[in-house]
Amino acid sequence: MMQKTEMSFFRDKRILITGHTGFKGSWLSRILIDAGAKVTGVSLEPPTSPSIFSICRLENQMDSVIGDVRDFELLKEVFERVQPQIVIHLAAQPIVRESYKNPRETYETNVMGTVNILECARQFSCVRSFLNVTTDKVYENKEWEWGYREEDVLDGFDPYSNSKSCSELVTHSYIRSFFADSDTAVSTARAGNVIGGGDFASDRIIPDCYRSAVIKQPVTVRNPYSIRPYQHVLEPLFLYLTIVKKQWEDPSIRGYYNVGPDDCDCVDTGTLTTLFCKSWGRGMQWENKSDGGPHEAGFLKLDCSRVKRVFGWKPTWHIEKAVAKSVEWYQLYNMLITHMAEPKELADKMNACMREQIRSFLTDGEEQ
């Protein structure tokens, strides 16, 4: 597991994050900026309004490039200028329902975006450690009760999941074809569902809970019995950092890693919503309103024994604390905007909240 003392590794490292304006990218940028890294991001404009990236004014604290990973020439220009040593590829079209509406754009972003960033890594020898973040949904889902292992068949059902399966396969090909004997260590991380303060995406349960809470309405839950592996956003982010650090130091550990919680944190959507309502308080409730929408897997979890074995990793915050920390962020944000805080005060206090949660997470991890 990543220790506070190990964060010094990232000081002055040139790190490129794609998708830095998104939810996970913003939290990762906050971590690395505070660690003293030289952080560059390439991403579209923030995908939501409001967005954690804009709230915290992260664009003023890093080298932020607004652009599309489908633009190969732009990526090459950034690589030429920055000469990144570490690349963490987060940029994606991440919503299942959106992939049904815009499958072509989903494939272009999730497949060709991966091709473009890997091609840059191939052409620029400055890259020592590369991580492609995909999803737990890359597996052919057979709705069985045990977790999927890294060697199980890749074949996502919907356009989002399938395009991320393709992203995995593209990475595997580049590893075998170009990086097997190089100094660039390349891995993929297949991550489960993340929650945390600052997620404002549509079609995600925790942001839906927040939006319902502020208007004092019951949360509408469309599929309360779908079981998913939920974890706080800091869990996978620090594991990503562990992977890029360890494979820099020992390229032999590069590979394909499931990144998810323990079985006890694989809960159905109804249970997650109940935890949010309890943590928020104020009589908050939810309603079961299945809408018969497009296909989504009913049962899905990961076997994370490999990442535990290789890195000695174990979860730091279980689901109850992950939800409580999420609510803590949202309630502070809601209080500040309700009292019409100035943008600078809002940014300062939300950044302080994030820093305190990061500190708490690292401290709790070391005490285990």
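Residues numbered from 1 in each chain as written. Predicted model: local features only at pLDDT ≥ 70, side-chain atom pairs only at ≥ 80, totals over all residues. Heavy atoms only, no water.

A. Here's a closer look at unusual backbone geometry. Here the bond from Ser49 into Pro50 is cis, since omega is 5°, no more than 30 degrees from zero. By secondary structure assignment, the location of Pro50 is in the loop between strand 2 (38-43) and helix 2 (52-55). You will see that Lys216, though not glycine, has its phi angle at about 55°, which is positive. As for its placement among the helices and strands, Lys216 is situated in the loop between helix 7 (205-214) and strand 8 (219-221). Assessed through its relative accessible area of 74%, Lys216 is described here as exposed. Located in the positive-phi region is Arg282, a residue other than glycine, with phi close to 60°. Along the chain, Arg282 turns up in the loop between helix 9 (269-280) and strand 12 (286-288). Judged by relative accessible area, which is 66%, Arg282 ranks as exposed. (Helix = DSSP H or I, 4+ residues; strand = E, 2+ residues; numbered from the N terminus. Buried < 20%, exposed > 50% of the residue type's maximum accessible area, 1.4 Å probe, protein only.)

B. Region of interest: the packing of aromatic side chains. Taken as a whole, this structure holds 19 aromatic pairs when the rule is applied. Between the aromatic rings of Tyr210 and Trp280, the centroid separation amounts to 6.3 Å while the plane-to-plane angle is 65°, which identifies the pairing as edge-to-face. Here the residue Tyr210 occupies a position in helix 7, and Trp280 occupies one in helix 9, the gap between them amounting to 70 residues. Judged by relative accessible area, Tyr210 falls into the buried class, the value being 6%. Owing to a relative accessible area of 6%, Trp280 belongs among the buried residues under this scheme. Connected via pairs of aromatic rings, a cluster forms that spans Phe200, Tyr210, Phe276, Trp280, Trp329, Tyr330 and Tyr333. Positioned over the ring face of Phe9 is Lys13, at 4.1 Å from the centre of the ring. (Phe/Tyr/Trp six-rings, centres within 6.5 Å; stacked < 30°, edge-to-face > 60°. Lys NZ or Arg CZ within 6 Å of the ring centre and 35° of its normal.)

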